Amino acid sequence: MNVKSRARIGAVVGAAALALGAMAAPASADPATGDYRVLAGVGSDTTQDVVNGLGTAIDSGDLIASYNALGSATIKTRATGCEIARPNGSSAGINALRNAVDNNTGCLDFARSSRGVANTSSNDLTWIPFGKDAVTFAVRSDSALPQALTTAQLVSIYTCDTTTLNGVALTPLLPQSGSGTRSFFLAQLGLTEDTFGPCVDDTVQEHNGEALDSAGDIAPYSVAQYIAQGNEIDGVVDRRGDAVLGSVNGVQPQLTDGTLNTAFPFNRDVYHVVPTAELGDATIAAAFVGSTSKVCAQTAVINTYGFGTLTNCGATSLKGES
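Residues numbered from 1 in each chain as written. Predicted model: local features only at pLDDT ≥ 70, side-chain atom pairs only at ≥ 80, totals over all residues. Heavy atoms only, no water.

Colleague: Looking at this structure, how should I read the overall build of the chain?
Modeller: Along the chain, the regular secondary structure elements total 8 helices and 16 strands. Expected size for 322 residues packed as a compact globule is a radius of gyration near 20 Å; at 19 Å, the chain falls within 12% of this value. Principal-axis analysis of the C-alpha atoms places the extent of the chain at approximately 60 × 40 × 35 Å. The proportion of buried residues among the 322 residues of the chain is 53%. In the chain, the share of contacts with a sequence separation of at least 24, taken over all contacts with a separation of at least 6, comes to 75%. Carbon and sulfur atoms provide 51% of the accessible area of the chain, an area that totals close to 12,400 Å². (Helix = DSSP H or I, 4+ residues; strand = E, 2+ residues; numbered from the N terminus. Rg over C-alpha atoms; globule rule 2.2 N^0.38 Å. Buried < 20%, exposed > 50% of the residue type's maximum accessible area, 1.4 Å probe, protein only. Contact = heavy atoms within 4.5 Å. Areas by Shrake-Rupley, 256 points an atom, 1.4 Å probe, with all protein chains shown as cover.)

Below you can see the structure in the form of structure tokens.
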């Protein structure tokens, strides 16, 4: 698809590098070298921070190891072997889990996913919901672009039929390939990987407001991530920059108290994905399965990171493969 200037790409990479430095220090980022916990997971940028928080809160930080979407090129999840390429995004995390299962490596136990099942032809993997998110669009606070759009207007922007608004030339952005937010946002617009327009820059890291560096930039953004980035939580990098969230079809993404509006049109569950064959494993079940699981019991943590809670938290009915 569209390639914006190398200056933009360099700026985004530089911003990401700075963010990685900030991510490396706090205890709530990747587990420290030599800290090998019982369950190891990778994947979604959207949920990396809340799962880091859950990992710290549950069982004195000994149960869940969650590795960020960005960081060093490789991660090591077990004391012996298990040095793997770091997955960036929901699909990459699910594929890494699939590889661990298929090859019986024991390197990964779950994947973080901000998208649902893409393929229901088998039941090898189970998507277990634990929080509610929403996705809206973001623009710069100092831009003349409107902060209220309709679904139809967003479709027109992302098919490149609308190229200017309020006299500003538009540059629609999408997250990197494999992002759950990318696939979810396109689906909400009725678009696919083959039908969004050639004017779209689809090379930016998701939920990074610093990538909106010109007046015409517009990008999807997780509302929960935006909230968490503003909550000054240890280990969460504030990447909002000058980005502000917009309303869709007259509905605001946040309530007046700043929390997630779960009635926002583009809302979604977020998941831990586990091998279906492991649902009966006592450790997996205690961590993720059912409304009284260790994850579902941490409603305060889930809310602090911007997500809404679910009545079906821990359900195991959603099965498929990557």
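Colleague: Could you clarify how one ought to interpret the pattern of salt bridges in this entry?
Modeller: When charged atoms on two side chains of opposite charge get close, those side chains can pair. Throughout the structure, instances matching the rule amount to 15 salt bridges. Salt-bridge contacts for Asp-30 lead to Arg-86; the nearest nitrogen and oxygen are separated by 2.8 Å. Here Asp-30, found in the loop between α1 (6–24) and β1 (39–43), pairs with Arg-86, found in the loop between β4 (83–85) and α3 (90–102); they are 56 residues apart in sequence, far enough to count as distant. On the basis of relative accessible area, Asp-30 is assigned to the partly exposed category, the value being 22%. The salt bridge partner of Arg-268 is Asp-133, with a shortest N-O separation of 2.9 Å. Placement of Arg-268 in strand β15 (residues 267–275) and of Asp-133 in strand β6 (residues 125–140) is noted, with a sequence separation of 135 residues between them. Neither residue differs from the other here; Arg-268 and Asp-133 are each classed as buried. A single network of salt bridges, built from pairs that share partners, joins Arg-98, Asp-102, Asp-124 and Glu-321. (Salt bridge = Lys/Arg side-chain N within 4 Å of Asp/Glu carboxyl O.)

Colleague: Quick question: what am I supposed to make of helix α2 (residues 48–57) here?
Modeller: An α-helical segment advances 3.6 residues per turn. Residues three or four places apart therefore align on the same side. A large share of α2 lies buried, amounting to 8 of its 10 residues. Residues of α2 that are buried: Gln-48, Asp-49, Val-50, Val-51, Asn-52, Gly-53, Leu-54 and Gly-55. Looking one or two residues past α2, Asp-59 carries a phi angle of roughly 50°, positive in sign.

Colleague: Sorry, what's going on with unusual backbone geometry here?
Modeller: Negative phi is the rule for most residues except glycine; trans is the rule for most peptide bonds. Of note in the backbone geometry, Cys-160 takes a positive phi value of approximately 70° without being a glycine. Overall, the relative accessible area of 16% leaves Cys-160 in the buried class. Phi at His-207 takes a positive value of approximately 55°, unusual for a residue other than glycine. For His-207, the location among the structural elements is in the loop between β11 (201–204) and β12 (217–222). The buried category is assigned to His-207, whose relative accessible area is 1%.

Colleague: I keep staring at the packing of aromatic side chains and nothing clicks. Help me out?
Modeller: Given two aromatic rings, their pairing is described by the distance between the two centres and the angle made by the two planes. Taken as a whole and judged by the stated rule, the model has 5 aromatic pairs. Considering the side-chain rings of Tyr-158 and Phe-185, the 5.2 Å spacing of their centres and the 75° angle between planes classify their relative orientation as edge-to-face. In this pair, Tyr-158 is assigned in helix α4 (residues 151–158) and Phe-185 in helix α5 (residues 180–188), connecting sequence segments 27 residues apart. One exposure class covers both Tyr-158 and Phe-185, and it is buried. Where Tyr-221 meets Tyr-226, the ring centres are 5.5 Å apart and the plane angle is 80°; that geometry is what we call edge-to-face. Ring-pair connections join several aromatic residues into one group, and the members of that group are Tyr-158, Phe-185, Phe-264 and Phe-266. Sitting above the plane of the Tyr-226 ring, Arg-240 keeps its charged end 5.4 Å from the centroid. (Phe/Tyr/Trp six-rings, centres within 6.5 Å; stacked < 30°, edge-to-face > 60°. Lys NZ or Arg CZ within 6 Å of the ring centre and 35° of its normal.)

Colleague: Teacher, can you tell me more about the environment of Thr-126 here?
Modeller: Relative to the assigned elements, Thr-126 resides in strand β6. In this structure, the C-alpha to C-alpha distance between Thr-126 and Leu-170, residues 44 residues apart in sequence, is 39 Å. Not counting residues within four places of it along the chain, the set of residues in contact with Thr-126 comprises His-272, Val-273, Val-274, Thr-276, Leu-279, Thr-316, Leu-318 and Lys-319. Reaching out from Thr-126, the side chain makes a polar contact with the side chain of Thr-276 at a distance of 2.8 Å. (Polar contact = N/O pair within 3.5 Å; in protein donor to acceptor, adjacent residues only side chain to side chain.)

Colleague: Whenever I open this one, the side chain of Asn-68 confuses me. Can you help?
Modeller: Counting through the fold element by element, Asn-68 comes out in the loop between β2 (64–66) and β3 (74–76). Within the structure, Asn-68 has its side chain in polar contact with the side chain of Asn-52 (distance 2.9 Å).

Colleague: How should the nonpolar core be read in this particular structure?
Modeller: A general feature of soluble globular proteins is that nonpolar side chains tend to end up buried together. One finds Leu-154, Tyr-158, Ile-218 and Phe-266 to be the most contacted residues of the largest nonpolar core, which totals 38 residues. Elements supplying a minimum of two residues to this core: β6, α4, β10 (171–175), α5, β12, α6 (223–230) and β13 (243–245). The element contributing the most residues to this core is β6, with 5 residues. In this structure, Ala-228, Val-274, Val-301 and Phe-307 belong to the second largest nonpolar core, which totals 28 residues. (Core = buried A, V, L, I, M, F, W, Y, C linked by side-chain atoms within 4.5 Å.)

Colleague: Explanation requested: the state of the cysteines in the structure shown.
Modeller: Using the criterion set out here, one finds 3 disulfides in the structure. Two residues share a disulfide in this structure: Cys-82 and Cys-107, whose sulfurs sit 2.1 Å from each other. Between Cys-82 and Cys-107 the disulfide shows an S-S torsion of about -85°. By sign, it is left-handed. You can see Cys-82 sitting in the loop between β3 and β4 and its partner Cys-107 sitting in the loop between α3 and β5 (110–113), a full 25 residues away along the chain. Residue Cys-82 is classed as buried on the basis of its relative accessible area of 12%. (Disulfide = S-S within 2.5 Å.)

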